[in-house]
Amino acid sequence: MAQLPLALPADPPPAFANFVSGRNAEVVAALRALAGGAREQRAIYLWGLPGAGKTHLLRALHEGAGPMRARLLGQDSPVADFMLPGAGPPDLLLIDDCDRLDAERQQALFGLLNRVRERPPAASVVAGSGAPRTLALREDLKSRLAWGLVFEVSPLSDDEKAQALARQADERGVGLAADVIPWLLAHTSRDMRSLSALLAALDSHAIARRRRAITLPLVREVLAGPAAAGATAADRPRTGGPAPGDGGPAPRDGDPIRGDGGPARDDARFGPGRPGG
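Basis of the calculations
- Residues numbered from 1 in each chain as written.
- Predicted model: local features only at pLDDT ≥ 70, side-chain atom pairs only at ≥ 80, totals over all residues.
- Heavy atoms only, no water.
- Core = buried A, V, L, I, M, F, W, Y, C linked by side-chain atoms within 4.5 Å.
- Buried < 20%, exposed > 50% of the residue type's maximum accessible area, 1.4 Å probe, protein only.
- Helix = DSSP H or I, 4+ residues; strand = E, 2+ residues; numbered from the N terminus.
- Contact = heavy atoms within 4.5 Å.
- Expected span 1.5 Å × (residues − 1).
- Phe/Tyr/Trp six-rings, centres within 6.5 Å; stacked < 30°, edge-to-face > 60°.
- Lys NZ or Arg CZ within 6 Å of the ring centre and 35° of its normal.
- Salt bridge = Lys/Arg side-chain N within 4 Å of Asp/Glu carboxyl O.
- Pairing = 2+ DSSP bridges.
- Axes fitted to C-alpha atoms, helices over the stretch in contact; angles between N-to-C directions.
- Right-handed = clockwise from strand over helix to strand, strands pointing away.

Colleague: How should the nonpolar core be read in this particular structure?
Modeller: When a protein is soluble and globular, its nonpolar side chains tend to lie buried together. L31, L46, L61 and V125 are the most contacted members of the largest nonpolar core, which has 24 residues in total. For this core, the elements supplying multiple residues, two or more each, are α1 (25-35), β1 (43-47), α2 (54-65), β3 (92-95) and β4 (123-128). When sequence neighbours within four positions are dropped, the list of residues in contact with L31 reads F16, I44, L46, L57, L61 and V125. With 22 residues, the next largest nonpolar core counts V20, L195, L198 and L216 among its residues.

Colleague: Looking at this model, I keep getting lost on unusual backbone geometry. Mind explaining?
Modeller: Excluding glycine, a negative phi dihedral is what most residues carry, and trans is how most peptide bonds are arranged. Backbone torsion omega between P120 and P121 reads 10 degrees, so that peptide bond is classified as cis. Although it is not a glycine, D97 sits at a positive phi angle of roughly 55 degrees. Inspection of the secondary structure assignment puts D97 in the loop between β3 and α4 (103-118). At R210, a residue that is not glycine, the phi angle is positive and equals roughly 60 degrees. In this structure, R210 sits in the loop between α8 (192-208) and β7 (213-214).

Colleague: How should helix α6 (residues 158-172) be read in this particular structure?
Modeller: Because an α-helix completes one turn every 3.6 residues, residues spaced three or four positions apart along the sequence face the same direction. Compared with an ideal rise of 1.5 Å per residue, which puts 15 residues at 21 Å, α6 spans 21 Å between its outermost C-alpha atoms and is within 8% of the ideal. Every buried residue belonging to α6 is among E160, K161, A164, L165, Q168 and A169, and all of these are buried. Tucked inside the fold, the buried residues of α6 contact β6 (175-176), α7 (180-187) and α8. Phi turns positive one or two residues past the end of α6, at G173, with a value near 75 degrees.

Colleague: Teacher, can you tell me more about the packing of aromatic side chains here?
Modeller: What describes a pair of aromatic rings is the distance from one ring centre to the other and the angle between the planes of the rings. Applying the stated criterion across every chain, the model contains 0 aromatic pairs. The ring centre of W147 lies 3.8 Å from the NZ or CZ of R117, which sits over that ring. Geometry around F110 places R138 over its ring, the cationic atom sitting 5.3 Å from the centre.

Colleague: Sorry, what's going on with α2 here?
Modeller: Taking 1.5 Å of rise per residue, the 12 residues of α2 would be expected to cover 16 Å, and the 17 Å separating its terminal C-alpha atoms lies within 8% of that figure. Judged by how many residues are buried, α2 sits mostly within the fold: 9 of 12 residues are covered. The secondary structure elements touched by the buried residues of α2 are α1, β1, β2 (70-73), β3 and β4. A positive phi of about 95 degrees marks G66, the residue just after α2.

Colleague: Which parts of the structure should I look at to understand the pattern of salt bridges?
Modeller: Pairs may arise between side chains of opposite charge once their charged atoms sit close together. Taken as a whole and judged by the stated rule, the model has 9 salt bridges. Residue E160 pairs with R23 through a salt bridge whose shortest N-O separation is 3.5 Å. Residue E160 is found in helix α6, and its partner R23 is found in the segment before α1; the two are separated by 137 residues along the sequence. Assessed through its relative accessible area of 53%, R23 is described here as exposed.

Colleague: How do you make sense of the sheet that holds β1 when you look at a structure like this?
Modeller: Each strand in a sheet pairs with another by means of backbone hydrogen bonds, the pair being arranged parallel or else antiparallel. Across the sheet, 5 strands lie side by side as β2-β3-β4-β1-β5; this open sheet has parallel pairing. Looking at which strands have only one partner, the edges of the open sheet turn out to be β2 and β5 (149-152). Direction aside, the axes of adjacent strands within the sheet are offset by 15 degrees on average. Relative to β4, β3 is paired through 4 bridges, and the arrangement is parallel. Each bridged residue has a counterpart across the sheet, and for L94 the counterpart in β4 is V125. Along the sheet, α4 contacts β2, β3 and β4; its crossing angle with β3, the most-contacted strand, is approximately 150 degrees.

Colleague: Would you mind going over the pairing of β3 with me for this structure?
Modeller: In the case of a regular strand, side chains alternate between the two sheet surfaces. Side chains L92 and L94 of β3 all project onto a buried face; the interleaved residues L93 and I95 project onto the opposite face, where all are buried too. In this sheet, β3 lies alongside β2 in parallel orientation, the contact comprising 4 bridges. Bridging across to β3, R71 finds its partner in L93. As for the winding sense of the linkage, the β-α-β connection from β3 through α4 to β4 is right-handed.

So yeah, pure geometry; function would need other evidence.
Written out as structure tokens, the structure reads:
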């Protein structure tokens, strides 16, 4: 039987609507309020494990507020962007991976956070890998990061991923064999965005083959490339790199998602354009 190519859809832009919230409904609500102009809370700090969704949320907030109101900075941003010479702070200051900033950018960020605090209604949202007191940063900067609300962004459990995939399949009107979701979680990339994109592609493939449901043989047929056509299930490569806990390298927060075995990035909790949680 001729193989049909599996064309994974392009990643949708980060948005609150395609973030699978899981246990993070309070975090999403607070950031949505900021994007909408509310300023009851003007300083928010987000922390959590790589892959939990911090970068996705910052980018969703940046897109929701608009580039004229929000500025998103990180370790690769020019130092001058932290200085804002001759200008006041942006309405929304967004900082990703603050614990990766070098000494010069840390100093600049300390001053910038002070300017944000002194000039309401400006607000800041900063993300890092751990709670403020645990970070290898300047002591005065750690103190500034703990000024406002501090949220831990919790990664999705396997049960939550399975529930999200089942809900997405139901919304698509496609049947899933009982063994498909457990197999996908065990043998493919475990981040939610990749899983959702894979489900969308499998759905399209099933429609093209006029199948009423996505079955495990169909999944294996689609994922097996020409060189792997005769391999056993145990021999077939994972599609998104090693899963956490299987001996592979841990993903870095903010690393891009790749299909060649590279690490998954932090904003990897996408659904296919559907509200999370």
